[in-house]
2 protein chains.
Amino acid sequence: MTQLLRVQNFTVSADGYGAGADQTLERPFGHADPRVLMAWAGATAGWPNRTDAGGSRGLDDYFTRDFSHNIGAEIMGRNKFAPSRGPWVDHDWLGWWGDEPPFHTPVFVLTHHPRPSFSLSDTTFHFVGGDQGDVLAQARTAAEGRDVRLGGGAQTIRTFLDADLVDTLHVAVHPSELGAGSRLWASPDELADRFHHEAVPSTSGVVHHLFWRR
Amino acid sequence: MTQLLRVQNFTVSADGYGAGADQTLERPFGHADPRVLMAWAGATAGWPNRTDAGGSRGLDDYFTRDFSHNIGAEIMGRNKFAPSRGPWVDHDWLGWWGDEPPFHTPVFVLTHHPRPSFSLSDTTFHFVGGDQGDVLAQARTAAEGRDVRLGGGAQTIRTFLDADLVDTLHVAVHPSELGAGSRLWASPDELADRFHHEAVPSTSGVVHHLFWRR
């Protein structure tokens with residue numbers, strides 16, 4: 001069975017931005033509001049951060065609950081893991097996700113700056129350099145036969161697309177515009193030459209774009 | 001966490017039939033052709049009976065690969081298990097699915113006629129009477145905290161709907177008409193009073209109808 005590299009539940013604005021400009025510790029999505037962008041997922045029964053029972057079980061929930069389906073590892077960019085840039089000065093920073101990160105697998109954080117691995121609950125973060133192919137090879141080994149999730153942000157997804165290493169993408173497009181920030185694409189049509197493409201509108205207002213290799 | 005009773009990937013004709021008339025050993029779906037009804041699922045990468053690599057990874061594949069997601073047991077009607085009716089005369093009949101049934105959990109077959117349980121690979125078939133609530137209680141215990149799939153056929157789903165025991169349904173509606181057979185509904189609108197309802201068209205020609213309790 002092939003081990004796929006999959007983008008799952010990545011959400012962008014109508015003009016293609018996965019996060020806004022001016023990202024900081026206080027505003028990890030910059031001038032974008034992640035509660036607005038991700039409202040489609042937060043309303044579902046499958047949203048891992050739910051604190052109450054309930055939630056919708058329609059189309060959006062299928063995508064939310066597929067997040068961990070057959071996933072054995074994640075690769076994420078440095079900027080998804082931390083607000084800092086450059087050498088690590090604060091090893092007390094353990095990510096945005098508290099004591100119980102939603103990954104539950106090894107996570108490979110792309111960085112040129114070495115740092116020891118550490119674990120929180122059943123998630124272990126590794127800090128790795130090298131090119132995209134090297135990192136994917138490490139993640140595949142760690143995934144033990146299962147697929148690897150490419151967690152973003154937008155720039156990280158673009159570098160793996162440029163290296164032609166991505167097998168499937170699910171990108172939810174929110175109807176709002178951001179105008180600036182970290183951009184995945186100007187239009188989903190940019191991927192049409194290499195991927196099959198379906199666009200599935202949801203009652204929540206987002207359109208789910210599904211891509212798989214031709 | 002609640003244990004749901006879920007209908008998954010159940011496919012009916014445009015006029016609501018899950019199988020045709022005159023079901024026999026040779027034609028378990030009667031005058032309906034299951035290859036036509038289920039073509040939307042058979043074309044996907046997630047279809048469990050695939051003998052080749054490949055298959056689509058768009059919307060239809062999300063439903064196909066969700067078939068086993070968090071499922072710990074299945075309940076099915078006698079007519080889904082066997083072409084025979086009445087007392088069991090042939091214990092050599094082990095279902096339609098060969099040595100490797102696609103369930104991989106305990107399966108509870110509804111019948112008034114006792115028969116010993118047996119296992120094929122990691123699927124164990126139990127033969128149970130009693131009312132719908134009793135059977136569901138047994139299946140929930142066997143599912144060990146996970147959900148229970150209600151596998152059909154149409155009549156079986158209707159009896160559990162009549163007992164108000166079904167929590168979610170995914171029903172794929174194929175554009176062909178059958179005119180007779182085992183009928184789930186005259187229209188999906190019949191469930192609108194008790195369930196939220198989304199209808200999601202697929203490029204394969206089926207419309208996926210998703211229901212969850214109000």
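Residues numbered from 1 in each chain as written. Chains lettered and ligands numbered in written order. Predicted model: local features only at pLDDT ≥ 70, side-chain atom pairs only at ≥ 80, totals over all residues. Heavy atoms only, no water.

A. Focus on the overall build of chain A. Along chain A, the regular secondary structure elements total six helices and eleven strands. Here the C-alpha radius of gyration of chain A, 16 Å, is about what a compact globule of 214 residues would show, namely 17 Å. Principal-axis analysis of the C-alpha atoms gives chain A an extent of 45 × 40 × 35 Å. Counting the 214 residues in chain A, one finds 48% classified as buried. (Helix = DSSP H or I, 4+ residues; strand = E, 2+ residues; numbered from the N terminus. Rg over C-alpha atoms; globule rule 2.2 N^0.38 Å. Buried < 20%, exposed > 50% of the residue type's maximum accessible area, 1.4 Å probe, protein only.)

B. Region of the structure containing the sheet that holds strand β11 (residues 207-213) of chain B. All names here are of chain B. If you trace the nine strands from one edge of the open sheet to the other, you get β5-β6-β4-β3-β7-β1-β8-β11-β10, paired in mixed fashion. Strand pairing shows two members of the sheet lacking a second neighbour, β5 (118-120) and β10 (195-201), which therefore form its edges. Looking at each pair of strands side by side, their axes are set apart by 20 degrees on average, direction ignored. Relative to strand β7 (residues 147-150), strand β3 (residues 71-77) runs parallel, the two sharing four bridges. In the strand pairing of β7, Glu74 is matched with Arg149. Against the sheet, helix α5 (residues 132-143) makes contact with β1 (5-12), β3, β4 (106-110), β6 (123-128) and β7, and its axis sits at roughly 150 degrees relative to β3, the strand it touches most. (Pairing = 2+ DSSP bridges. Axes fitted to C-alpha atoms, helices over the stretch in contact; angles between N-to-C directions. Contact = heavy atoms within 4.5 Å.)

C. Looking closely at unusual backbone geometry. Residue and element names in this part refer to chain A. Gly153 follows Gly152 through a cis peptide bond whose omega is 5 degrees. As for its position among the elements, Gly153 is in the loop between β7 (147-150) and α6 (154-162). Phi is positive for Asn9, close to 60 degrees, though the residue is something other than glycine. Along the chain, the position of Asn9 falls in strand β1 (residues 5-12).

D. Representation of the interface of chain B and chain A. If you look at the interface, chain B gives 20 residues, while chain A gives 20 residues. Taken together, chain B and chain A are joined by two salt bridges. Inspection of the chain B/chain A interface yields six residue pairs in polar contact (both at pLDDT 80 or more). A per-element tally of the side of chain B that touches chain A places helix α3 (residues 59-65) of chain B first, with four residues. Of the residues in the side of chain B that touches chain A, the class split is seven nonpolar, eight polar and five charged. (Salt bridge = Lys/Arg side-chain N within 4 Å of Asp/Glu carboxyl O. Polar contact = N/O pair within 3.5 Å; in protein donor to acceptor, adjacent residues only side chain to side chain. Nonpolar A, V, L, I, M, F, W, Y, C, P; charged D, E, K, R; others polar.)

E. How the structure looks around α5 of chain B. Residue and element names in this part refer to chain B. In a regular helix each residue adds 1.5 Å, so twelve residues correspond to 16 Å; α5 covers 16 Å between its end C-alpha atoms and thus fits that length. Within α5, the full set of buried residues consists of Val135, Leu136, Ala139 and Ala143. For α5, the angular spread of buried residues about the axis comes to 100 degrees, placing them on one side. Against β1, β3, β4, β6 and β7 lie the buried residues of α5. (Expected span 1.5 Å × (residues − 1). Arc of directions from axis to C-beta.)

F. Focus on the relation of the copies chain B and chain A. Overlaying chain B with chain A gives an RMSD of 0.0 Å, the required rotation being 180 degrees about an axis along which the chain moves by 0.0 Å. Both chain copies can therefore be described as sitting about a two-fold axis. Every residue of chain B has its C-alpha some distance from the rotation axis, and the shortest such distance is that of Tyr62 of chain B, at 3.5 Å. Counting the interface residues of chain B, we find that 100% of their copies in chain A are interface residues as well, pointing to one common contact surface. (Least-squares fit on C-alpha atoms with pLDDT ≥ 70 in both.)

G. Highlighting the packing of aromatic side chains. The full count for this structure, using the stated rule, is 30 aromatic pairs over all chains. Among the aromatic residues, those joined into a cluster by ring pairs are Phe81, Trp88, Trp97, Phe103, Phe118, Phe125 and Phe127 of chain A. In this structure, Arg78 of chain A packs its charged tip against the face of Trp88 of chain A, placed 3.7 Å from the ring centre. Positioned above the aromatic ring of Trp88 of chain B is the side chain of Arg115 of chain B, whose terminal nitrogen or guanidinium carbon lies 4.9 Å from the ring centre. (Phe/Tyr/Trp six-rings, centres within 6.5 Å; stacked < 30°, edge-to-face > 60°. Lys NZ or Arg CZ within 6 Å of the ring centre and 35° of its normal.)

H. Representation of the UniProt feature "domain: Bacterial bifunctional deaminase-reductase C-terminal" (unreviewed entry) in chain A within the structure. Mapped onto the present numbering, the UniProt feature "domain: Bacterial bifunctional deaminase-reductase C-terminal" (unreviewed entry) falls on residues 9-185 of chain A. As annotated, residues 9-185 of chain A has a helix share of 23% and a strand share of 23%, and its two end C-alpha atoms lie 16 Å apart. (UniProt positions renumbered as here; feature names shortened; annotations may be inferred.)

I. Seen up close, the environment of Phe63 of chain B. Residue and element names in this part refer to chain B. Mapped onto the fold, Phe63 is located in helix α3. Given a relative accessible area of 1%, Phe63 falls into the buried group. Sequence separation of Phe63 and Gly46 is 17 residues, and the distance between their C-alpha atoms is 8.7 Å.

J. Expanded view of the side chain of Thr64 of chain A. Following the sequence through the fold, Thr64 of chain A ends up in helix α3 (residues 59-65). In this structure the side chain of Thr64 of chain A is engaged in a polar contact, spanning 3.0 Å, whose partner is the backbone oxygen of Asp60 of chain A.

K. Main features of the side chain of Thr105 of chain A. With respect to the helices and strands, the residue Thr105 of chain A is situated in the loop between α4 (78-81) and β4 (106-110). Under the relative-accessibility criterion, Thr105 of chain A is labelled buried at 6%.

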